[in-house]
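# Architecture at a glance
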Amino acid sequence: MRIVIQRVSDAKVTVQGATVGEIGTGLLALVGFGGTDKADFPDTPAWRKILDKLFNMRVFPDESGKFDLSLNDIKGDLMLISQFTLYADCRKGRRPSFSDACHPYVAESLFDRFTEDARKLAPGGFATGRFGAEMLLDFTNWGPVTIILDSDEF
């Protein structure tokens, strides 16, 4: 699993002209699954560690401006967007290969489970896009702050 996390002051996701999710201050997380991620992945320590990092990583400023507060601390919002392109392989040619991405059937199941687990932990508002849909994201990256988490590192 790879997640690109962006600290945002607001975010909105639109599918076919309709807003399907919107958040205020918090985190926008683009979530992708790789070919080695299997149906039992939610039962692993890496899954739990990534969820913990998502909610407890200190990327919000305290009163002195230092990164000392987490999403939980500020009771911030969370938006999750499925994004298989995080597994693009650009080493050869001009067109990215996505052969390292998880099969869509398995990825959808994993994304649904990740969404379910995250929703239970969310301290503020919660939103998602629509798996497999072409989505338009409109957000304000606050900072900018962008963090990458990869389950291979845990």
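The structure contained in this document is the topic of the report that follows. (Residues numbered from 1 in each chain as written. Predicted model: local features only at pLDDT ≥ 70, side-chain atom pairs only at ≥ 80, totals over all residues. Heavy atoms only, no water.)

## Details of the side chain of Asp62
The following threshold applies: Only runs of H or I of at least four residues qualify as helices and only runs of E of at least two qualify as strands under DSSP, and these elements are numbered from the N terminus. Only protein chains enter the accessibility calculation, which uses a 1.4 Å probe. A residue is then buried if its area is under 20% of the maximum for its type, exposed if over 50%, and partly exposed in between. Lys and Arg are tallied as positive, Asp and Glu as negative. Neither His nor the chain termini are counted. Take a side-chain nitrogen of Lys or Arg and a carboxyl oxygen of Asp or Glu: if they are within 4 Å of each other, that pair is a salt bridge. Polar contact is defined as a pair of N or O atoms within 3.5 Å, subject to the rule that within protein one atom must be able to donate a hydrogen and the other to accept it, and that residues adjacent in sequence are counted only when both atoms are side-chain atoms. Two residues qualify as a contact provided that any one of their heavy atoms is within 4.5 Å of a heavy atom in the partner residue.
Summarising the element assignment, Asp62 is placed in the loop between strand S4 (60-61) and strand S5 (67-69). Despite its burial, Asp62 pairs with no opposite charge, the nearest such side chain being Lys66 at 6.7 Å. Among the polar contacts listed, one links the side chain of Asp62 to the side chain of Ser64, at a separation of 2.8 Å. The residues contacting Asp62, other than those within four sequence positions of it, are Asp68 and Leu69.

## Overview of the packing of aromatic side chains
Heads up, the rule is: Ring pairs are drawn from Phe, Tyr and Trp, using the six-membered ring of Trp, whenever the two centres fall within 6.5 Å, and their geometry is named by plane angle: stacked under 30 degrees, edge-to-face over 60, tilted for the rest. We count a charge as sitting over a ring when the NZ of a lysine or the CZ of an arginine lies within 6 Å of the ring centre and within 35 degrees of the ring normal.
Here the structure, examined in full by the defined rule, presents 6 aromatic pairs. Consider the rings of Phe60 and Trp142, whose centres lie 5.9 Å apart with planes at 50 degrees: the pair is tilted. Note that Phe60 is positioned in strand S4 and Trp142 in strand S8 (residues 135-150), a separation of 82 residues in sequence. Judged by its relative accessible area of 1%, Phe60 is buried. Aromatic pair Phe84 and Phe98: ring centres 5.0 Å apart, planes at 70 degrees, arrangement edge-to-face. Of the two residues, Phe84 sits in the loop between strand S6 (77-82) and helix H3 (104-121) while Phe98 sits in the loop between S6 and H3, which places them 14 residues apart along the sequence. Between the NZ or CZ atom of Arg2 and the centre of the ring of Tyr87, over which it lies, the distance is 4.1 Å.

## Thoughts on unusual backbone geometry
The omega torsion of the bond from Gly143 to Pro144 falls at 0 degrees, within 30 degrees of zero and hence cis. Inspection of the secondary structure puts Pro144 in strand S8. Positive phi, normally seen in glycine, also occurs at Gln16, with a value near 50 degrees. Among the structural elements, Gln16 can be located in the loop between strand S1 (2-15) and strand S2 (18-23). With relative accessibility at 79%, the residue Gln16 sits in the exposed group. Phi is positive for Lys75, which is not a glycine, with a value near 55 degrees. Of note, Lys75 is situated in the loop between helix H2 (71-74) and S6. Accessibility expressed as a relative area gives 59% for Lys75, which makes it exposed.

Shape is all these values report; function is a separate question.
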